[in-house]
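# Examining the three-dimensional arrangement
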Amino acid sequence: DESKLKHYEMFHCDFLVSALSLKQGQCPGPDRAQGFEAACVQSCTRDQDCPKTRKCCSNGCGQTCQTPDQAEQFGENI
């Protein structure tokens, strides 16, 4: 059935886009945010809103782009 195929293709594409856009690493704890990262603002809503390997993380008051823990461990150039 053509409608089932279209549904599968749409789901499959959405899944691939989502999987490919996930950024590695874990958000640091809210208590580790400093400077703008600790501001009570909503500067992002998802990881894709952040540059390079930064992730959209909660700081306890808002959400900002932060360097994930894993990226810090491996010394990635952010």
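Residues numbered from 1 in each chain as written. Predicted model: local features only at pLDDT ≥ 70, side-chain atom pairs only at ≥ 80, totals over all residues. Heavy atoms only, no water.

An unreviewed UniProt entry lists the protein chain under the name WAP domain-containing protein, with Periophthalmus magnuspinnatus given as the organism.

### Quick look at the overall build of the protein chain
The secondary structure content of the protein chain amounts to two helices and two strands. The helix and strand sequence of the protein chain, counted from the amino end, reads α-β-β-α. Within the protein chain, contacts between residues at least 6 apart in sequence are counted, and of these 46% link residues at least 24 apart. Of the roughly 5700 Å² of accessible surface on the protein chain, 55% is carried by carbon and sulfur atoms. (Helix = DSSP H or I, 4+ residues; strand = E, 2+ residues; numbered from the N terminus. Contact = heavy atoms within 4.5 Å. Areas by Shrake-Rupley, 256 points an atom, 1.4 Å probe, with all protein chains shown as cover.)

### A look at the pattern of salt bridges
Pairing between side chains becomes possible if they bear opposite charge and their charged atoms approach one another. Applying the stated criterion across every chain, the model contains four salt bridges. Where aspartate 69 meets arginine 32, a salt bridge forms, and the shortest distance between an N and an O atom there is 2.9 Å. Linking aspartate 69 in helix H2 (residues 69-73) with arginine 32 in the loop between helix H1 (2-21) and strand E1 (55-58), this pair joins segments that are 37 residues apart in sequence. Look at arginine 32 and you get partly exposed, because its relative accessible area is 42%. Arginine 54 is the partner of glutamate 37 in a salt bridge, and the nearest nitrogen-oxygen pair spans 3.4 Å. You can see glutamate 37 sitting in the loop between H1 and E1 and its partner arginine 54 sitting in the loop between H1 and E1, a full 17 residues away along the chain. Relative accessible area serves as the criterion here: at 21%, arginine 54 is assigned to the partly exposed category. (Salt bridge = Lys/Arg side-chain N within 4 Å of Asp/Glu carboxyl O. Buried < 20%, exposed > 50% of the residue type's maximum accessible area, 1.4 Å probe, protein only.)

### So, the state of the cysteines
One covalent bond between the sulfur atoms of two cysteine residues makes up a disulfide. Going through the model one piece at a time under the given rule, you end up with four disulfides. One disulfide in the model links cysteine 40 with cysteine 61; its S-S distance is 1.8 Å. Disulfide cysteine 40 to cysteine 61: torsion about the S-S bond roughly 115°, handedness right-handed. Of this pair, cysteine 40 sits in the loop between H1 and E1 while cysteine 61 is found in the loop between E1 and strand E2 (63-66), placing the two residues 21 residues apart along the sequence. (Disulfide = S-S within 2.5 Å.)

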